[in-house]
Amino acid sequence: MLNVESAVVVSCASAGIAQAIAAVIVRDDDDLLLNLHSSSKNVPREIILPKGHNVNFGAPVDTMVALGGGKVIEAGFANECSPTQLSAKVTPQTAAILYIKSHHTVQKSMLSVSEAAAVARQHNLPLIVDAAAEEDLTSYYQSGADLVIYSGAKAIEGPTSGLVIGKKTYVEWVKRQSQGIGRAMKVGKEGILGLTLAIEQYLTATKETGAEMVERMGEFIEALNSLPAISARIVWDAAGRDIARAEISFDEKMIGKTTYQIMNELKQGDTAIYFREYKANEGKVEADIRSVSNEQLNTIAERIRLLVKGM
Ligand SMILES: *Cc1c(COP(=O)(O)O)cnc(C)c1O
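Residues numbered from 1 in each chain as written. Predicted model: local features only at pLDDT ≥ 70, side-chain atom pairs only at ≥ 80, totals over all residues. Heavy atoms only, no water.

**Some words on the side chain of Thr94**
Inspection of the secondary structure assignment puts Thr94 in strand β4 (residues 94-100). A polar contact is formed between the side chain of Thr94 and the backbone nitrogen of Thr91, at a distance of 2.8 Å. Those residues in contact with Thr94 that sit more than four places away from it in its chain are Pro44, Glu46, Ile48, Lys89 and Leu125. (Helix = DSSP H or I, 4+ residues; strand = E, 2+ residues; numbered from the N terminus. Polar contact = N/O pair within 3.5 Å; in protein donor to acceptor, adjacent residues only side chain to side chain. Contact = heavy atoms within 4.5 Å.)

**Notes on the sheet that holds strand β7 (residues 162-166)**
Within the open sheet, the 7 strands sit side by side as β1-β7-β6-β5-β4-β2-β3. Their pairing is mixed. Each of the sheet's edge strands pairs with one partner strand only, and the pair in question is β1 (6-10) and β3 (71-75). The average angle at which neighbouring strand axes cross in this sheet is 25°, direction not considered. Two strands pair when backbone bridges link them, and strand β2 (residues 46-50) and β4 are joined in this way by 3 bridges, in the parallel orientation. If you follow Ile48 over to β4, its bridge partner there is Ile97. (Pairing = 2+ DSSP bridges. Axes fitted to C-alpha atoms, helices over the stretch in contact; angles between N-to-C directions.)

**Structural notes on the pattern of salt bridges**
A complete count under the given rule lists 22 salt bridges for this structure. Between Lys168 and Glu172 there is a salt bridge, with the nearest N and O atoms lying 4.0 Å from each other. One end of the pair, Lys168, and the other, Glu172, are both in helix α7 (residues 168-176), 4 residues apart, so they sit about a helical turn from each other. Residue classification places Lys168 among the partly exposed residues on the basis of a relative accessible area of 46%. Taking the relative accessible area as the measure of exposure, Glu172 reaches 32% and is therefore partly exposed. (Salt bridge = Lys/Arg side-chain N within 4 Å of Asp/Glu carboxyl O. Buried < 20%, exposed > 50% of the residue type's maximum accessible area, 1.4 Å probe, protein only.)

**Remarks on the environment of Ser102**
Note on placement: Ser102 falls in the loop between β4 and α5 (113-122). Overall, the relative accessible area of 10% leaves Ser102 in the buried class. Put simply, Ser102 and Arg241 are 139 residues apart on the chain and 9.9 Å apart in space, counted from C-alpha to C-alpha. With residues near it in sequence (within four places) discarded, Ser102 still touches Gln107, Glu134 and Ala239.

What follows is the structure in structure tokens.
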């Protein structure tokens, strides 16, 4: 379905990262498979990661690499990573290059997946791409990644699960991890079948475009802008995906509450409402309306109206 050499379903994207790391360290070594963390065998364990990709996606990337028996070596700086800076970190101890394709990461002055693939090829190293929340199931593999990891429960809208696609040898090495660390992250048969069906549906479903999201949010944004101390506008996905969101700003002084306090209140009601809170420290949150109906949008606007009622 995905035009890749091979694929395996895992329990979640995080498990996919850990097992992909273990796969490139252990490869087909039977002893290392059984003694991943305790073995003193001198094999490459360094995983080069652009510094701006060393993020906390809900759990730290670094922790998943360590679970897989690897050691993160950061390349570049907090605000940039070029192919040269990535390449400069390669040593005989390098096991792979890891690239996190995500809105969580630093976007500016960051090399592309194809550029990272070129560096990997140049040094004869595998490239692992964590594309957990991405919507494109083919482009990173086509750009030259050896393993690409997706979350089954994000864009694909499947059950809690993960998908690892890639070159046959590497995927076989990932599968071998079910006799190693993979056993602690075992995926259920329901997960395997559920994700497979979800992918089938995902590939044929017509997806709501960003422009359609803008259209659907029009009334919602208008309603919010008619309220005191609140303003709303359309913003586009920082990672470049075709997703439009409503950015809602709260005048914390006028409301007399911090945005974090407002968010907590909205989570407590009969209908718990959660926003993207990455910019709550700046008094802004984002509403992502994928999987949110128009009726639910009205409920959200009404709850926010009650918040500033009487002001
Ligand atoms: C969500 C996410 C993960 C983890 O995905 P799970 O399926 O929840 O384990 C890993 N990396 C990135 C960049 C993510 O956004």
